[in-house]
Protein chains: 2
Amino acid sequence: MADAVSSRRSRLTPEREAELLEAVLDLLREVGYETLTMDAVAARTKSSKATLYRQWGSKPELVAHAMRCTKPMSLRDIDTGSLRGDFGMMVEHSDDAQMAKDTALIRGLAHAVHESPELHRALRDLLVEPEINGLQLMLRRAVDRGEIAPDRPALEYVPHMLIGAFIALPLIEDRPVDRAFLADFIDAVVFPALGA
Amino acid sequence: MADAVSSRRSRLTPEREAELLEAVLDLLREVGYETLTMDAVAARTKSSKATLYRQWGSKPELVAHAMRCTKPMSLRDIDTGSLRGDFGMMVEHSDDAQMAKDTALIRGLAHAVHESPELHRALRDLLVEPEINGLQLMLRRAVDRGEIAPDRPALEYVPHMLIGAFIALPLIEDRPVDRAFLADFIDAVVFPALGA
């Protein structure tokens, strides 16, 4: 199975794959998820629909893969030796212009997710679950190092705090999240809630 | 100006006004904001469009007034003498079935808000600002009583924590907020962040 997937994937170079997924993000921003078609992606990227389906399986999966490309770095790859260092690196690798663009994209997809269970599942499997797992690994290491008490109730709510802040800020203050807000929110809310 | 508004408003009894706004919420749930028309509201409630415009001015304002009716109690009316008591009453006056219905409504409106600046403004003026002001009054009293340090950084992020949790829970755990979650989140995150 893994071999079948890897041979299926090997047909595109990483550069060509990145180019295709970037074009999907452009189209998503222009027309939104509902209106996006595999035909439009094929036309924009001068590729065949057969290639798109062979490579990604379906429109929801193609979109979820494209969304994964917006993240400069996965939380799974961060391990500095302290919780403060890990969160610091998370903030440092965030990009203000990128986050503003992501906010608009995520807003559009948040609506589409409720119309399409397939898109919901693809985004969850490819984007949300891996990042939440990465966050949980980060927190477990902090517990193991004695930086957070193992029974601290806020431990299970760190994804809610971070994802919630991302969505609530534009609603409350009418501006997208930037690095300064993220750093301040983590210091003011996340660390004290964790007792760290 | 206040007199003009009050005489404009006095043409409907409170019972009839509540009935009209309830019908607006039903229509919103059925067809969504974009598709909702003043004609449909007039037909459903056997009233004239002239009455609707005289009473509420516009579709965005009518919808914002209707959304305000979903709230069993305003935060401004809560003052138990302690922060724990105030948050406890906020949770106690929440209703699980109502919150599940509100989640679906808010999800629909969150999308419409980005298409309609008028709806955004009406919801902010009539719904979001008054509740955030109520929350800030509640927190200021707690500071005055010495329950929270006046320079506690999390003070300015309480709306972000609460509104964020409301929106993030359905995304992360695929379920709407209920009283048990709200109570647990406040104990695990909000109180420790405030050092209260």
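Residues numbered from 1 in each chain as written. Chains lettered and ligands numbered in written order. Predicted model: local features only at pLDDT ≥ 70, side-chain atom pairs only at ≥ 80, totals over all residues. Heavy atoms only, no water.

(A) Examining the interface of chain A and chain B more closely. On the chain B side, the residues contacting the 30 residues of chain A number 30 residues. Of all residues in chain A, the largest losses of buried area upon contact with chain B belong to Tyr157, His160 and Ile172 of chain A, amounting jointly to 23% of the total for that side. Where chain A meets chain B, there are two salt bridges. We note a salt bridge from Arg124 of chain A to Asp174 of chain B, for which the minimum N-O separation is 3.9 Å. Our enumeration of links across chain A and chain B arrives at six residue pairs in polar contact (both at pLDDT 80 or more). Counting only elements with at least two residues in the side of chain A that touches chain B, the list comes to α7 (96–115), α8 (117–144), α9 (158–173) and α10 (179–194) of chain A. It is α9 of chain A that provides the largest number of residues to the side of chain A that touches chain B, a total of eleven residues. Across the side of chain A that touches chain B, the residue classes tally to 18 nonpolar, five polar and seven charged. (Contact = heavy atoms within 4.5 Å. Buried area = accessible area lost by both parts, 1.4 Å probe. Salt bridge = Lys/Arg side-chain N within 4 Å of Asp/Glu carboxyl O. Polar contact = N/O pair within 3.5 Å; in protein donor to acceptor, adjacent residues only side chain to side chain. Helix = DSSP H or I, 4+ residues; strand = E, 2+ residues; numbered from the N terminus. Nonpolar A, V, L, I, M, F, W, Y, C, P; charged D, E, K, R; others polar.)

(B) Quick look at unusual backbone geometry. The phi dihedral of Lys46 of chain B falls on the positive side, at around 50 degrees, and the residue is not glycine. In this fold, Lys46 of chain B is placed in the loop between α3 (38–45) and α4 (49–56).

(C) Local environment of the relation of the copies chain A and chain B. Laying chain A over chain B is done by rotating through 180 degrees and shifting 0.0 Å along the axis; what remains is an RMSD of 0.0 Å. In the structure described here, the two chain copies are related by an operation that fits a two-fold rotation axis. In terms of proximity to the rotation axis, the leading residue of chain A is Gly164 of chain A, whose C-alpha is 1.7 Å off the axis. Looking at the interface residues of chain A, 100% of them are also at the interface in chain B, so both copies use one shared face. (Least-squares fit on C-alpha atoms with pLDDT ≥ 70 in both.)

(D) Expanded view of the packing of aromatic side chains. Residues and elements named next belong to chain A. If you walk through the whole model with that rule in mind, you get eight aromatic pairs over all chains. Ring geometry for Phe87 against Phe191: centres 5.6 Å apart, planes inclined by 75 degrees, an arrangement best described as edge-to-face. Highlighted residues: Phe87 in helix α6 (residues 83–92) and Phe191 in helix α10, separated in sequence by 104 residues. Note that Lys59 overlies the ring of Tyr33, its terminal NZ or CZ placed 4.3 Å from the centroid. (Phe/Tyr/Trp six-rings, centres within 6.5 Å; stacked < 30°, edge-to-face > 60°. Lys NZ or Arg CZ within 6 Å of the ring centre and 35° of its normal.)

(E) Seen up close, the pattern of salt bridges. Tallied over the full model, the rule gives 22 salt bridges over all chains. Where Asp39 of chain A meets Lys49 of chain A, a salt bridge forms, and the shortest distance between an N and an O atom there is 3.4 Å. With Asp39 of chain A in helix α3 (residues 38–45) and Lys49 of chain A in helix α4 (residues 49–56), this pair connects stretches of sequence that are ten residues apart. In this structure, Glu30 of chain B engages Arg44 of chain B in a salt bridge whose closest nitrogen and oxygen atoms are separated by 2.7 Å. One end of the pair, Glu30 of chain B, is in helix α2 (residues 14–35); the other, Arg44 of chain B, is in helix α3, with 14 residues separating them in the sequence. Each member of the salt-bridge network shares a partner with another, and the members are Asp79, Asp86 and Arg141 of chain A.

(F) A look at helix α5 (residues 59–68) of chain A. Of all ten residues making up α5 of chain A, eight are buried, and the element is well covered by its neighbours. Taken as a whole, α5 of chain A has its buried residues at Lys59, Pro60, Leu62, Val63, Ala64, His65, Ala66 and Met67 of chain A. (Buried < 20%, exposed > 50% of the residue type's maximum accessible area, 1.4 Å probe, protein only.)

(G) Representation of the domain arrangement of chain A in the model. Residues and elements named next belong to chain A. We note that the domain assignment places domain 1 (2–58) and domain 2 (70–194) within chain A. The C-alpha centroid of domain 2 is placed 27 Å from the C-alpha centroid of domain 1. Counting the surface lost from both domain 1 and domain 2, the interface buries some 610 Å², and carbon and sulfur atoms represent 70% of this. When the buried surface of domain 1 facing domain 2 is broken down by residue, Arg29, Tyr33 and Glu34 rank first, second and third, together holding 74% of it. (Domains from an automatic or database assignment.)

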